Amino acid sequence: MSHRPLSRRFVLEQRPVGQPRASDFRLMTSEVPALRDGEVSLANLFLSMDPAIRGFLDDRKSYLPPVAIGETVRGMTLGRVLESRNPAIREGALIRALAGWQEISVLGPDALGLEIVNPAAGIPLEHYMGVLGPTGLTAWIGLHEIGRIGSGQTVVISAAAGAVGSVAGQLAALHGCRVVGIVGSAAKAAHITALGFHAAIDYRAGPDLDAAVRDACPDGVDVYFDNVGGPILEALLPLMREHGRVVVCGMVSEYNHQDAPYAVRTLWQILVKRLTVRGFLTYEHADRIPLAQAQLGEWVRTGALRPLDNIHEGIESAPTAFVALMSGATVGKTLVRLESTHHHAHHPLSRAD
Ligand code: NAP
C-alpha cells in the first residue's frame, strides 16, 4: 500500500520536427518516489518556458544531453520545498532549479541550477523566474560582461520584445545607451517603444533590414545583443562600428531546424571591423550574479524596470505555452503557473521567513 503523493508531468512523446506541436508531449500521472538522503521534493509554482528546451528535444548533443523519449521534459522551475532530506535546505524554502514540466520534482543535492531564492517583500513570485531570475540575469551579464556597454553607445537587440530582449533593452536605456530593438511584428514594435526603446524595427515589414538598421543607427552599432542568429546576424555584422561587440546570447531562429543552419555570409566583417563575437552562459558568471541581482531588484522595486510576463495557467497548458513561445507569438517572459500556487500560498510551509 502506498502513501506517496501523485504528481502530473509531461513526457516527450516524440521528437518535434521543425516547429514543435502540443502532440509531441504527453501528460502522465506518477507517484512521487520516497526521498533518499540528500534529496528534496519541490512543489513547483512556475515552469519557465525557454527556447533552450527546444534544443533538449533534438537527439543531438548540446551543453546538456537530449531528453529521452518517455522522459520528463527538462526545464527551469520555481517551487516550494515540500519535504527535505537535505540539511542545507529547509521545508518551505523557495527553490529555483533545472527540474522539469511536473507538479512535484525530486532533486538531489547536485541538481543542475539548484539555488535557494530569498524573495523580497511585495515582489510577485513570478518575477523570480523572469526579470529577477535567469532572464534578467542573462540580459545583465550579456550587456555588461560580454557587451561592455557604456553611456552614449548604440545597442541593437534582436527578439527585443521577448523575455531577455525586453529586459536587455530597458537596462541598456537605463545605462544611457541609445537602444534599437528588432522584432517580428508592428504590435511588438509598439510595445518596446512604450518600454523606452529609442527605435523599433519590424524585420518582417520589408525586405531591407540593412537600410532600416542604418536609418536607426546612422553612426553604426557598438553592441549587437543577438538572440536570434541567422539573417539578422548577417545583416548586423557589416553595420558594426570598429571594435564593436556581438553578444551571442542565443540563436533562436535556428532552433527549430538545427539540421539546416543558415549560412551567415558576412563573417569577414569580424576582421574588417575587429569585432569581438562572444557567446556566454549566464550561470558561468556566478561571481557577478549578486551585483546583477541587486541592481535588477532595485530597478524593479523603483519601477524603472518594467517586467513583462505572459502567464499560462495550469500544467495542462505547458505544451501550448511552449509552442506559442517557439512560434514568436509571445511578448515578455512565458511562464506556466501551476494550480498548486494557490493552495500553497496559504499552506503553512509557504511562509518565506
Ligand atoms: P523570447 O525572446 O521570449 O522568445 C523567442 C523570440 O524569438 C520570439 O518571440 C520571436 O520574436 C523570436 N524569434 C523566433 N524565431 C525567430 C526567427 N526565425 N528570426 C528572428 N526572431 C525569431 O525567448 P527568451 O527566453 O527571451 O530567449 C531569447 C534568447 O536568449 C534565446 O536565443 C535563448 O536561447 C537565449 N538565452 C540564452 C541564455 C544564456 O545563458 N546564454 C539564457 C537564457 C536565454 P519575434 O516575433 O520578434 O521574431
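This one's a predicted model, so the numbers in the text were calculated from it and none came from an experiment.

Reading the values: rules and limits
- Residues numbered from 1 in each chain as written.
- Predicted model: local features only at pLDDT ≥ 70, side-chain atom pairs only at ≥ 80, totals over all residues.
- Heavy atoms only, no water.
- Buried < 20%, exposed > 50% of the residue type's maximum accessible area, 1.4 Å probe, protein only.
- Helix = DSSP H or I, 4+ residues; strand = E, 2+ residues; numbered from the N terminus.
- Pairing = 2+ DSSP bridges.
- Near = heavy atom within 4 Å.
- Polar contact = N/O pair within 3.5 Å; in protein donor to acceptor, adjacent residues only side chain to side chain.
- Areas by Shrake-Rupley, 256 points an atom, 1.4 Å probe, with all protein chains shown as cover.
- Nonpolar A, V, L, I, M, F, W, Y, C, P; charged D, E, K, R; others polar.
- Right-handed = clockwise from strand over helix to strand, strands pointing away.

Visitor: It is not clear to me how the pairing of strand 4 (residues 74-84) should be interpreted in this structure. Could you clarify?
Guide: Of all 11 residues in strand 4, eight are buried, a share of seventy percent or more. Both strand 3 (residues 40-48) and strand 4 contribute to a ladder of seven bridges, which runs antiparallel. Note on strand 4: the bridge partner recorded for Phe46 is Leu78. Here strand 4 runs beside strand 5 (residues 94-100); their pairing, made up of seven bridges, is antiparallel. Counted as the bridge partner of Met76 is Leu98 from strand 5.

Visitor: What am I meant to see in the site of the ligand here?
Guide: Taken together, 26 residues lie near the ligand, and Val164, Gly184, Lys188, Tyr203 and Phe280 sit nearest. Between the ligand and the protein, one listed contact pairs an oxygen atom with a backbone N or O atom of Gly184 at 2.8 Å. In the environment of the ligand, a nitrogen atom lies 3.1 Å from a nitrogen or oxygen atom belonging to the backbone of Cys249. In the complex, 87% of the free accessible area of the ligand, which totals 910 Å², lies under the protein chains. Of the residues contributing to the shell around the ligand, the split by class is 15 nonpolar, 10 polar and one charged.

Visitor: Explain the pairing of strand 9 (residues 178-183) to me, please; I cannot follow it from the model alone.
Guide: Where a strand is regular, its side chains alternate between the two sheet faces. Buried residues dominate strand 9, accounting for five of its six residues. Pairing analysis gives five bridges linking strand 8 (residues 154-158) to strand 9, with the strands arranged parallel. The residue of strand 9 that forms the bridge with Ser158 is Ile182. Remark: the strand 8/helix 3 (residues 163-174)/strand 9 crossover connection has right-handed handedness. The pairing of strand 9 with strand 10 (residues 199-202) spans four bridges and is classified as parallel. The residue of strand 10 that forms the bridge with Ile182 is Ile201. At this point the chain moves from strand 9, through helix 4 (residues 186-194), to the parallel strand 10, and the crossover so formed is right-handed.

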